[in-house]
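So you can see what is in the structure, the chains are spelled out below.
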Amino acid sequence: MNKLTIYALSAALSLPTAALSQTQSDSRTYRNCLNQAQSTADMRNCNAAEIAVHDRRLNTAYRALRAKMNPQEQTRLRNIQRQWIRQRDQQALAASRAAGGGTAAGLEADRVLLEMTRRRADELEAMLRQR
């Protein structure tokens, strides 16, 4: 992994989470699920399914990227990924707390988890294409 890639990963980890809502990058299945949701529980189920889609993308790209790296690069990527996981979890918790509890808290945490996981999967896939 070159210094530019490491810099880009570090910069990505320091980005604040923007306000999130349905975006063009949401899957059609996810948008349809949310449009049909009748309750907060339904919405959270939609969120969980979409997070799982992007988590699979992330893990697939991560494994493929590691397979193309030497041991030092693998260690660096693993450490960066662990840092990203900590930051993702901290931001989701902060969003949940900022919502003030209730049903909105879970939705806000989901929102952060979804956007950060989608963005990280995109980053890893881009890195893989560059190798």
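As a reminder, the structure under discussion sits directly above these lines.
Here's a quick rundown of the structure. Model, not experiment: these values are computed from the prediction.

About the thresholds
- Residues numbered from 1 in each chain as written.
- Predicted model: local features only at pLDDT ≥ 70, side-chain atom pairs only at ≥ 80, totals over all residues.
- Heavy atoms only, no water.
- Helix = DSSP H or I, 4+ residues; strand = E, 2+ residues; numbered from the N terminus.
- Buried < 20%, exposed > 50% of the residue type's maximum accessible area, 1.4 Å probe, protein only.
- Contact = heavy atoms within 4.5 Å.
- Axes fitted to C-alpha atoms, helices over the stretch in contact; angles between N-to-C directions.
- Parallel < 35°, antiparallel > 145°, perpendicular 65-115°, else oblique.
- Left-handed = near helix turned anticlockwise from the far one by under 90°.
- Nonpolar A, V, L, I, M, F, W, Y, C, P; charged D, E, K, R; others polar.
- Core = buried A, V, L, I, M, F, W, Y, C linked by side-chain atoms within 4.5 Å.
- Salt bridge = Lys/Arg side-chain N within 4 Å of Asp/Glu carboxyl O.
- Expected span 1.5 Å × (residues − 1).

## Concerning the side chain of Asp110
- The topology assignment puts Asp110 in helix α5 (residues 102-130).
- Judged by its relative accessible area of 6%, Asp110 falls in the buried class.
- Setting aside chain neighbours within four positions, we find Asp110 in contact with Arg44, Asn47 and Ile51.

## Quick notes on the packing of helix α3 (residues 40-67) against α5
- Remark: α3 packs on α5, axes separated minimally by 8 Å, with the N-to-C direction vectors making an angle of 20 degrees. It follows from the interaxial angle that α3 and α5 lie roughly parallel. α5 is crossed by α3, and the crossing has left-handed handedness.
- Of the residues belonging to the contact of α3 with α5, the class tally is 14 nonpolar, six polar and nine charged.

## Details of the nonpolar core
- Leu58, Leu65, Leu77, Val112, Leu124 and Met127 are the most contacted members of the largest nonpolar core, which totals 15 residues.
- Broken down by secondary-structure element, the contributors of at least two residues to this core are α3, α4 (71-98) and α5.
- For this core, the leading source of residues is α5, giving six residues.
- In terms of nonpolar packing, the next biggest core, distinct from the first, is built from five residues, Leu34, Cys46, Ile51 and Leu114 among them.

## Some points on the pattern of salt bridges
- By the definition in use, this model includes nine salt bridges.
- In this structure, the salt-bridge partner of Arg57 is Asp122, at a minimum N-O distance of 2.4 Å. In this pair, Arg57 is assigned in helix α3 and Asp122 in helix α5, connecting sequence segments 65 residues apart.
- By relative accessible area, which is 36% here, Asp122 ends up partly exposed.
- Of the charged contacts, one joins Glu123 and Arg120 as a salt bridge, the two residues approaching to 3.1 Å between their closest N and O atoms. You can see Glu123 and its partner Arg120 sitting in helix α5, three residues apart, about one turn around the helix.
- Arg120 sits in the buried class, given a relative accessible area of 1%.

## Focus on α4
- Taking 1.5 Å of rise per residue, the 28 residues of α4 would be expected to cover 40 Å, and the 40 Å separating its terminal C-alpha atoms lies within 8% of that figure.
- Among all positions of α4, only Glu73, Leu77, Ile80, Gln81, Trp84, Gln87, Arg88, Gln91, Ala92, Ala95 and Ser96 are buried.

## As for the environment of Leu34
- Looking at the element boundaries, Leu34 is found in helix α2 (residues 28-36).
- Spatially, the C-alpha atoms of Leu34 and Cys46 are 6.3 Å apart, while their sequence positions differ by 12 residues.

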